[in-house]
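Read off the chains here:
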Amino acid sequence: MENREIACLLAETADLMEVAAEDSFRIRSYRNAASVIESYPERIEDVARDPERKLTGIPGVGKTIAAVIADILERGSFSKRDELLQKYHPGALELLKIQGLGPKSIALLIEHYDVRTLDDLERICREQKLRQLPRMGAKLEEKVLRGIEQFRSSAGRFLLSFATGLARELIEYLAATPGVECVQAAGSLRRGRETVGDLDLLVTGRDPAAALDRFTCYSRVHDVLGKGANKASARVGLEGMQVDVRALPAESYGAALQYFTGSKDHNVALRQRALRLGCSLSEYGLFRLDESRVAGASEPEIYEKLGLAWIAPELRENQGEIEAAAQGRLPALIDLQDIRGDLHMHTRETDGRATLEEMAAECKALGYEYLAITDHSKALAMANGLDETRAVEFARRVREINRNGLGIRVFSGLECDILRDGRMDLAGDALAELDFVIGSVHSHMNLEPAEMTSRLLRALECPHLKLIGHPTGRLLLHREPYPFDFERVATEAGRRGVMLEINASPERLDLYAPLLRTAKAKDVKFVIATDAHHPAHLRNMIYGVTMARRGWLTKDDVLNTLPLAQFAAAIAAK
DNA sequence: GCCGTTTTCGGCCCGACTGTTTTCAGTCG
């Protein structure tokens, strides 16, 4: 069993314990164990099976949780979870995901109305019965209905990082099938969409159909939805993501890859172009009207025969990429290898899980030349944010560290809260001590658009500000961006030389393509950064780079592609 | 439930907003 699956069982048990109003510290222990296990560098199952080692050696895992893990590995559950699921319908886990409802309210709803599912909850709200419960009213009913709607619209979609991990796992497994030479993901995953609905895997080789049998026998395949000679569909893993595997002959593999990568709009435009050239394009190939084959085995060949440069999948949204490819003016998109430093990360000083030294060592291992440590400021009290004194002391400590040298340059930074009125959370003279100040909104996210716009415009006036962090505040599948006049803010940022962040955290991926193109047109420069709270998160950089590519950005648009000396000069000059 | 001892029990992130109250519980970050 994978670490993620063990962590998921612990976390959902913690959720149910919350509804049962159990001791909050005990709940936190389960949550903490879940998060430690999820990011543990080795497979927990291997550790558990090794007689030389003990699970209790893992921080956050004591005797009880070690026994729980043993139970999970043996039978997929444990007694505490069984008891809670006996008491509460599994639907209670879904109810907890609705914004505005917490464990207390859900316990009350179950007690009074026997609410078990989202449908039950929706009915209670529509019948105006929620407001009859103590401390609940009409506004909450509306908020919950909105929450249900948002939850439903995001249900069945998965984060890009999740889909990437699942694709990697399945590709590795299927590629080991005799007779299979190539397995590749297509669809929105290949285009780098922020969320992915289902996974399309394409297989070719001497005997691609062999992969279909192997797929439906995979240990994590639960529910086979269909299987024919050329295609098999099934749900995989606890999360039940739908995966389609298609077996293809080599001569049409490129055409199928092109077709199943999409987007639909891009493909429609491409087929129209083929028709104008006297051809027809389908998933089987590019053909003349007499049905003789022009191309099909490889994707570049198809684009070439259509008079186009090969178009990177991230651009295939019919947003002008076909015209650009025809005129030879596609941008040279940024690559992961262009990134020379990460500029947004947290440590144990606030809500991170590792020390400055550990984060720096990982950055060095990734081949970076520099990093900025950017812990939270004091407005984020729950994260133990830095006040002026601690910030100045931190800047001094970083100067000291750089004198001794860690083999990588460290910049002293701060992720400073932008307060409700647009002022910075820390005083200017403290901010002046730091190399790299990010301004971020973490509170009052439901202001009127005009008020949010002026808040951000005022923040841009701060002379020490280098970067606006996660500029729209969205959390994928969870919270919409806060509304404001993006174009105005981008224009002002461009004018003042304040950069905008492409936050590579898979839950954020903010900014995203249309906004990036708007901002680029306003001469904005960008930073791609991971917002890492753990050394493992530093590897999320690729998702930020993917967003940048979707926004047509080149190396020159992104400041942290600069070599150290030029980067240092650039942020000092601002 | 975990951790770290001041070794066997006490401490474990906290402040603000919201909608509902009429003095605050619940939620969120």
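If you're wondering where the values come from, they're calculated on a predicted model, not measured in any experiment. (Residues numbered from 1 in each chain as written. Chains lettered and ligands numbered in written order. Predicted model: local features only at pLDDT ≥ 70, side-chain atom pairs only at ≥ 80, totals over all residues. Heavy atoms only, no water.)

Caption draft 1: Quick peek at the overall build of chain A. A tally of regular secondary structure across chain A gives 24 helices and 17 strands. Scaling as 2.2 N^0.38, a compact globule of 574 residues should have a C-alpha radius of gyration of about 25 Å, and chain A matches this with 26 Å. Within chain A, the fraction of its 574 residues that count as buried is 52%. Accessible area for chain A stands at about 25800 Å²; split by element, carbon and sulfur atoms hold 49% of it. (Helix = DSSP H or I, 4+ residues; strand = E, 2+ residues; numbered from the N terminus. Rg over C-alpha atoms; globule rule 2.2 N^0.38 Å. Buried < 20%, exposed > 50% of the residue type's maximum accessible area, 1.4 Å probe, protein only. Areas by Shrake-Rupley, 256 points an atom, 1.4 Å probe, with all protein chains shown as cover.)

Caption draft 2: Molecular detail of the pattern of salt bridges. Scanning the model with the defined rule gives 46 salt bridges in all. Two residues, Arg-340 and Glu-369, come together in a salt bridge whose shortest N-O distance is 2.7 Å. With Arg-340 in the loop between α16 (321-326) and β11 (341-342) and Glu-369 in the loop between α17 (356-365) and β12 (370-376), this pair connects stretches of sequence that are 29 residues apart. Look at Glu-369 and you get partly exposed, because its relative accessible area is 28%. Ionic pairing is found between Glu-492 and Arg-495, a salt bridge with its closest N-O pair at 2.9 Å. You can see Glu-492 and its partner Arg-495 sitting in helix α21 (residues 486-496), three residues apart, about one turn around the helix. Note on Glu-492: relative accessible area 18%, which makes it buried. (Salt bridge = Lys/Arg side-chain N within 4 Å of Asp/Glu carboxyl O.)

Caption draft 3: Representation of helix α1 (residues 3-19) within the structure. Here α1 is 17 residues long and its end C-alpha atoms lie 25 Å apart, about the 24 Å a rise of 1.5 Å per residue gives. Along α1, 12 of the 17 residues are buried, which leaves the element largely enclosed by surrounding structure. Buried within α1 we find Asn-3, Glu-5, Ile-6, Ala-7, Leu-9, Leu-10, Glu-12, Thr-13, Ala-14, Leu-16, Met-17 and Val-19. Tucked inside the fold, the buried residues of α1 contact α2 (24-38), α3 (44-49), α4 (63-75), α5 (79-87), α6 (91-95) and α7 (103-113). Two residues or fewer past α1, Ala-21 is found with a positive phi of approximately 55 degrees. (Expected span 1.5 Å × (residues − 1). Contact = heavy atoms within 4.5 Å.)

Caption draft 4: Spotlight on the protein's contact with DNA strand B. Lining the immediate surroundings of DNA strand B are 33 residues, of which Arg-28, Gly-102, Ser-105, Gly-137 and Met-382 lie closest. The sugar-phosphate share of atoms of DNA strand B within 4 Å of the protein amounts to 64%. The side chain of Arg-26 places a nitrogen or oxygen atom 3.3 Å from a phosphate oxygen of DNA strand B. Here Gly-102 contributes a backbone N or O atom positioned 2.4 Å from a phosphate oxygen of DNA strand B. (Near = heavy atom within 4 Å. Polar contact = N/O pair within 3.5 Å; in protein donor to acceptor, adjacent residues only side chain to side chain.)

Caption draft 5: A look at the domain arrangement of chain A. Considered domain by domain, chain A is made up of domain 1 (3-154), domain 2 (158-248), domain 3 (255-326) and domain 4 (336-573). Between the C-alpha centres of domain 2 and domain 4 there is a distance of 36 Å. Residue-level contacts link 10 residues of domain 2 with 11 residues of domain 4. Roughly 870 Å² of surface becomes buried between domain 2 and domain 4 when both sides are summed, with 67% attributable to carbon and sulfur atoms. In this assembly, domain 2 and domain 4 are joined by one salt bridge. Among the ionic pairs, Glu-194 bridges to Arg-474, the shortest N-O distance being 2.9 Å. On the surface where domain 2 and domain 4 come into contact, there are two residue pairs in polar contact (both at pLDDT 80 or more). Of all the elements in the fold, those that place two or more residues in the side of domain 2 that touches domain 4 are β1 (158-159) and α10 (160-175). Per-element tally for the side of domain 2 that touches domain 4: the top contributor is α10, with three residues. Its residues assigned to classes, the side of domain 2 that touches domain 4 shows three nonpolar, four polar and three charged. (Domains from an automatic or database assignment. Buried area = accessible area lost by both parts, 1.4 Å probe. Nonpolar A, V, L, I, M, F, W, Y, C, P; charged D, E, K, R; others polar.)

Caption draft 6: Highlighting the packing of helix α20 (residues 449-460) against α21. Contact geometry of α20 with α21 gives a least axis separation of 10 Å together with a crossing angle of 5 degrees. Between α20 and α21, the angle is such that the two are roughly parallel. Judged by residue contacts, Thr-453, Leu-456, Leu-457 and Leu-460 of α20 engage Arg-488, Val-489, Glu-492, Ala-493 and Arg-496 from α21. (Axes fitted to C-alpha atoms, helices over the stretch in contact; angles between N-to-C directions. Parallel < 35°, antiparallel > 145°, perpendicular 65-115°, else oblique.)

Caption draft 7: Layout of the packing of aromatic side chains. For the coordinates displayed, the defined rule picks out nine aromatic pairs. Look at Tyr-173 and Tyr-218: their rings are 4.3 Å apart centre to centre, the planes differ by 45 degrees, and that puts the pair in the tilted class. In this pair, Tyr-173 sits in helix α10 while Tyr-218 sits in the loop between α12 (210-216) and β5 (221-227), placing the two residues 45 residues apart along the sequence. Residue Tyr-218 is classed as buried on the basis of its relative accessible area, which comes to 13%. Note on Tyr-259 and Phe-260: the rings are 4.9 Å apart at their centroids and 90 degrees apart in plane angle, and the pair reads as edge-to-face. Among the residues examined, Tyr-259 registers a relative accessible area of 30% and is labelled partly exposed. Site record: aromatic cluster; members linked through ring pairs are Tyr-370, Phe-411, Phe-436 and Phe-567. Cation over ring: Arg-214 sits above Tyr-173, and NZ or CZ is 4.0 Å from the ring centre. (Phe/Tyr/Trp six-rings, centres within 6.5 Å; stacked < 30°, edge-to-face > 60°. Lys NZ or Arg CZ within 6 Å of the ring centre and 35° of its normal.)

Caption draft 8: Structural context of unusual backbone geometry. Of note, the bond from Gly-262 into Ser-263 is cis; its omega dihedral lies within 30 degrees of zero at -5 degrees. The topology assignment puts Ser-263 in the loop between α13 (253-261) and α14 (264-276). With an omega dihedral of 20 degrees, the bond running from Asp-510 to Leu-511 counts as a cis peptide bond. Along the polypeptide, Leu-511 turns up in the loop between β16 (499-503) and α22 (513-521). One non-glycine residue, Ala-21, lies in positive phi territory at about 55 degrees. Checked against the element boundaries, Ala-21 lands in the loop between α1 and α2.

Caption draft 9: Examining the sheet that holds strand β10 (residues 293-295) more closely. Reading across the sheet, the three strands line up as β8-β9-β10 and stay open at both edges, with antiparallel pairing between neighbours. The outermost strands of the open sheet, each flanked by one partner alone, are β8 (279-282) and β10. If you compare each strand with its neighbour and ignore which way they point, the axes differ by 35 degrees on average. Pairing analysis gives two bridges linking strand β9 (residues 285-288) to β10, with the strands arranged antiparallel. Each residue of the ladder has a partner; that of Leu-286, found in β10, is Ala-295. Contacting β8 and β9, α14 crosses the sheet at an angle of about 155 degrees to β8. (Pairing = 2+ DSSP bridges.)

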